Structure formats: C-alpha cells, structure tokens
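# Coordinates in review
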2 protein chains.
Amino acid sequence: MASRKVVELFYDVVSPYSWLGFEVMCRYRHIWNIELKLCPAFLGAVMQKSGNRPPGMVPNKFKYMGKDLSRLAEYFDVPLKPPSDPFEVMFEKGSMSAMRLVTAVQERETGGDKQVEQVSRELWRRIWSEDKDITQPESLSEAAKKAGLSDGDVQEILQMYTSQPIKDKLKNTTEHALSYGAFGFPMIVCHIDGKPEVFFGSDRFELMAHCIGEKWLGPQPDKSAAKL
Amino acid sequence: MASRKVVELFYDVVSPYSWLGFEVMCRYRHIWNIELKLCPAFLGAVMQKSGNRPPGMVPNKFKYMGKDLSRLAEYFDVPLKPPSDPFEVMFEKGSMSAMRLVTAVQERETGGDKQVEQVSRELWRRIWSEDKDITQPESLSEAAKKAGLSDGDVQEILQMYTSQPIKDKLKNTTEHALSYGAFGFPMIVCHIDGKPEVFFGSDRFELMAHCIGEKWLGPQPDKSAAKL
C-alpha cells in the first residue's frame with residue numbers, strides 16, 4: 001500500500017463554499033488513501049493580505065452565488081441556507097471569535113480531530129443554516145456543547161480562546177495558507193511527491209482526484225458506492 | 001424520447017476558461033439530449049456593465065489561474081498554453097474584432113454552426129495556444145481559412161464584420177447574456193421546463209448534468225465511454 005498523501009484543508013466557517021468543501025473532504029478522508037489535516041484559519045486576513053475582494057461585491061455575482069449555493073447544497077446534501085442578512089454576517093460580524101474557538105479546540109484535542117470537525121460543523125450550521133449568531137461567547141458555548149463537548153471542556157476552551165497563544169496559532173495557520181498563495185477559502189493543498197498542489201474552491205474535486213490518483217464518486221460517495 | 005433541452009453557451013475567445021467550456025459542450029452536444037446554441041458575445045462589455053473585474057488583478061489569483069489552467073488543459077485535453085504576455089492579450093488588445101468576425105460567420109452560416117465552431121476554435125488556438133495575434137484583419141483571415149472557409153467566404157466575411165448590423169448583432173447577444181445576469185464567461189444557460197438555469201464557469205458540468213437529467217462522464221466522454 002502506497003503511503004497516505006497528506007491533504008491540508010484551509011477553511012473558515014464564515015465561508016459557505018468552505019462548508020461544502022469541508023463535508024466532501026470529511027466524506028472522502030476514509031475512502032481515499034489520504035491523511036486529511038483540518039486547518040482552521042481566518043479568511044478576513046487572507047482576503048485583505050492577498051488584495052482580493054469578496055465575490056458578493058458584484059451584484060450579478062452575488063445573485064448567482066445564492067442560486068449556485070442552493071443548487072450545490074442540494075446536490076452535495078449539506079443543509080445550507082442563506083442567512084437573512086448575508087452582508088452583516090460575512091462582513092460586519094465576521095468570524096474571528098469563531099475561528100479562535102475552533103483553534104482552541106484544536107490546541108486542546110489529542111488523538112484525532114473529531115472535536116474540531118464537530119465544532120466547525122456546528123458553527124457552520126448556526127450561521128449558514130439556522131441564521132444564528134457566532135460572535136458572542138454564549139453562541140460559541142452553545143455550538144461547542146451541541147458538538148458533544150462536556151461542560152468542563154467548554155468552560156476550559158472559553159477561557160483559552162482569547163489568549164495570546166491561540167491568537168498566534170490562528171495567525172500562524174493563516175500565514176501558512178498565504179504562503180501557499182491563498183486568496184480565498186476553501187483551499188486544499190495536496191502533498192504529492194513532496195510537492196504541494198493547491199486547489200481553490202469546492203469545484204476541483206474531480207481534478208484533484210485525478211492528480212492524487214484516486215477516483216471521484218461525486219459529492220455523496222456513499223450514495224454512489226451504493227449505486228455501483 | 002423527451003424533447004431536446006435548449007442550452008445556450010455564451011463565450012468569448014479572449015477567455016481561456018471559455019475554451020475549456022466550449023470544447024466540453026461541443027463533445028457533449030451529441031451525447032446529451034440537448035440542442036446546443038453557440039452564442040459568441042463580447043466579454044469586455046459584460047465585465048464593464050456588471051462591474052466585475054478580471055480575476056487576474058489579484059496577484060495570488062493570477063498565479064493560481066496559470067497553474068489551474070495548465071492542470072485543467074491536460075485533464076480536459078485542450079492544447080491551452082498561456083501567451084507570453086497575458087495582460088497585453090487580454091486587456092490591451094482584447095477580442096472585439098475577433099468576436100465581430102465570429103458573429104459575421106454566424107450571420108452568414110446556414111444549416112448548422114460548424115463554421116462558427118471551427119472559426120472560434122482557430123481563434124482560441126491562435127491566442128491561447130500559439131501566442132499569435134487575433135486583432136488584425138490578416139490574423140482573422142488566417143484563422144478563418146484554417147477553419148476551412150473558402151477564399152471567397154473569407155473575403156465576404158471580412159467585408160461584413162465591421163458593418164453596423166454585425167456590430168449590433170454582437171451587442172444584442174452580449175445584452176442577452178447580461179439579461180441572464182452574466183458577470184463573466186463562459187456562461188451556460190439550460191432551459192428546463194421553460195425556466196433558464198444559469199451556470200457560470202467550466203466547473204459546473206457535473207451539477208449541470210444532474211440538473212438536466214443527464215450523466216456526467218468527465219471532460220473527455222469518448223475516453224470514458226471507451227473505458228466503460
């Protein structure tokens with residue numbers, strides 16, 4: 001058996017396309033011969049430092065994105081629904097606290113990343129499905145509890161997530177993303193024969209599979225496998 | 001047999017992603033139960049009127065696009081190679097004359113769109129494979145001849161392509177694209193049960209196939225079919 005390829009997934013819960021990419025990669029991590037590394041990072045800094053601007057700033061693109069996301073959500077089977085005020089959610093409230101929380105969860109977790117996965121998913125569910133806040137401590141606490149963390153764990157994480165080491169860790173992961181040429185999320189970096197191959201967005205899975213020598217079975221591989 | 005779905009493909013030969021989309025749709029027009037309509041339009045006006053700006057303006061995005069295009073070109077089997085000065089080709093020289101030429105070819109052609117297809121392909125080959133000019137009349141004439149048009153046909157088209165009716169026709173197709181919410185090309189509009197479903201880019205074919213009730217066999221369906 002060939003050694004597992006390391007695949008880094010950079011994401012931010014403020015980004016709906018990241019949610020799609022995240023769910024697909026979580027489905028494929030046990031199908032493809034890969035070692036998936038979840039890399040929670042801060043999209044706001046990536047946009048600013050790369051000089052990119054959100055696609056939603058162009059009215060036709062913003063309208064299209066809504067339609068595109070709802071079609072993809074159905075096809076990918078991810079319960080994504082736009083919040084009532086996407087601009088407020090994405091550009092005014094943002095995701096810095098939420099991504100610090102995920103970073104704290106990651107810092108604390110040992111022996112895997114189940115908690116990071118679950119907490120990330122619950123945060124996405126809040127903003128991109130249930131139109132709920134993810135900036136206040138109570139919101140973050142609720143998400144962490146729903147993700148299955150104990151009251152003690154949640155308390156500890158809420159004490160950690162605004163500390164300097166956690167701020168620095170999030171900053172470092174974000175810088176790491178920028179070092180690969182990030183200009184948005186999700187960004188997926190596949191390490192092939194010692195070289196990083198970078199894929200941006202949630203629409204390069206078929207090409208990615210081709211590049212890493214795996215088979216693309218669609219965004220719902222379990223369903224496809226059942227059909228084969 | 002269900003009636004064929006009308007699929008409009010809006011494109012401009014200045015756009016490399018349009019080339020990929022064009023070749024894929026030309027391959028699938030005889031596999032899927034669709035009536036493909038080639039809609040040559042002017043990307044410059046779409047970008048301007050939608051307030052969009054080219055992705056190449058963000059340095060990290062520009063670098064990624066080069067890598068992305070070369071990977072996709074190989075996977076799609078399209079001989080796409082970046083010109084020595086992409087900025088000059090795309091933003092200084094542009095494609096207005098070339099798209100007027102394609103429009104003139106379309107205006108003249110009866111009983112199909114073989115000539116429109118071939119001339120478009122030869123223009124793409126010039127700028128996006130052979131690093132050649134597509135702005136001068138001699139360049140356009142060369143492309144049309146290589147596409148199989150007779151000397152007489154080429155002469156007639158070169159007399160037509162700067163005329164007011166051709167300018168107006170190109171403008172109308174471009175306005176038609178904008179009426180669907182265009183902000184870039186390629187844009188593919190599938191008419192399903194009397195409603196237009198709009199897909200932007202060359203990375204929604206799998207989703208598009210799902211929406212029109214067809215099967216996606218990858219960008220090289222003949223190869224996939226041979227493998228089945």
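Under an unreviewed UniProt entry, chain A has the name Glutathione S-transferase kappa and belongs to Oryzias melastigma. Note on chain A: under the UniProt heading Catalytic activity (unreviewed entry), the record states "RX + glutathione = an S-substituted glutathione + a halide anion + H(+)". The annotation that UniProt attaches to chain A under Sequence similarities (unreviewed entry) is "Belongs to the GST superfamily. Kappa family."

Residue and element names in this part refer to chain A. According to UniProt, the positions carrying the feature "active site" (unreviewed entry) are Ser15. On the accessibility criterion, serine 15 (6% relative accessible area) is buried. Not counting residues within four places of it along the chain, the set of residues in contact with serine 15 comprises Leu43, Trp124, Trp128, Phe185 and Pro186.

Now for the packing of aromatic side chains. If you walk through the whole model with that rule in mind, you get 28 aromatic pairs over all chains. When the ring of A:Phe10 is compared with that of A:Tyr180, the centres are 6.0 Å apart and the planes differ by 65 degrees; the resulting orientation is edge-to-face. Of the two residues, A:Phe10 sits in strand β1 (residues 5-11) while A:Tyr180 sits in the loop between α9 (164-179) and β3 (187-192), which places them 170 residues apart along the sequence. Here A:Phe10 falls in the buried class, since its relative accessible area comes to 0%. Judged by relative accessible area, which is 19%, A:Tyr180 ranks as buried. Judged by centre distance (6.2 Å) and plane angle (65 degrees), the rings of B:Tyr75 and B:Phe76 are edge-to-face.

This next bit is on the relation of the copies chain B and chain A. Once chain B is rotated about the relating axis by 180 degrees and shifted along it by 0.0 Å, it coincides with chain A to within an RMSD of 0.0 Å. One copy is carried onto the other by what is essentially a two-fold rotation axis. Taking C-alpha positions as the reference, the residue of chain B nearest the rotation axis is B:Asp203, at 3.0 Å. When the interface residues of chain B are mapped onto chain A, 100% of them again lie at the interface, so the same face is used by both copies.

Cut-offs used in this document
- Within each chain, residues carry numbers counting from 1 in the order of the written sequence.
- As they are written, the chains are lettered A onward and the ligands numbered 1 onward, keeping that order.
- Residues qualify for local features only when their pLDDT is at least 70, as the model is predicted, and side-chain atom pairs are given and counted only at 80 or more; totals for whole chains, interfaces and linings, by contrast, use all residues.
- Side-chain metrics in this entry use all non-hydrogen atoms of the structure; hydrogen atoms and water are not considered.
- UniProt positions are given in the numbering used here, feature names are shortened, and annotations may be inferred rather than shown by experiment.
- Note on classification: 1.4 Å probe, protein chains only; a residue is buried when its accessible area is under 20% of the maximum for its type, exposed when over 50%, partly exposed between these limits.
- When checking whether two residues touch, look at their non-hydrogen atoms; a contact exists if any pair is within 4.5 Å.
- Two aromatic rings, drawn from Phe, Tyr or Trp (for Trp, its six-membered ring), form a pair once their centres lie within 6.5 Å of each other, and the interplanar angle then sorts them: stacked below 30 degrees, edge-to-face above 60, tilted otherwise.
- The way it works is that DSSP assigns letters per residue, a run of H or I at least four long becomes a helix, a run of E at least two long becomes a strand, and they are numbered from the N terminus.
- Superposing copies: least-squares fit, C-alpha atoms only, residues required to have pLDDT of at least 70 in both.

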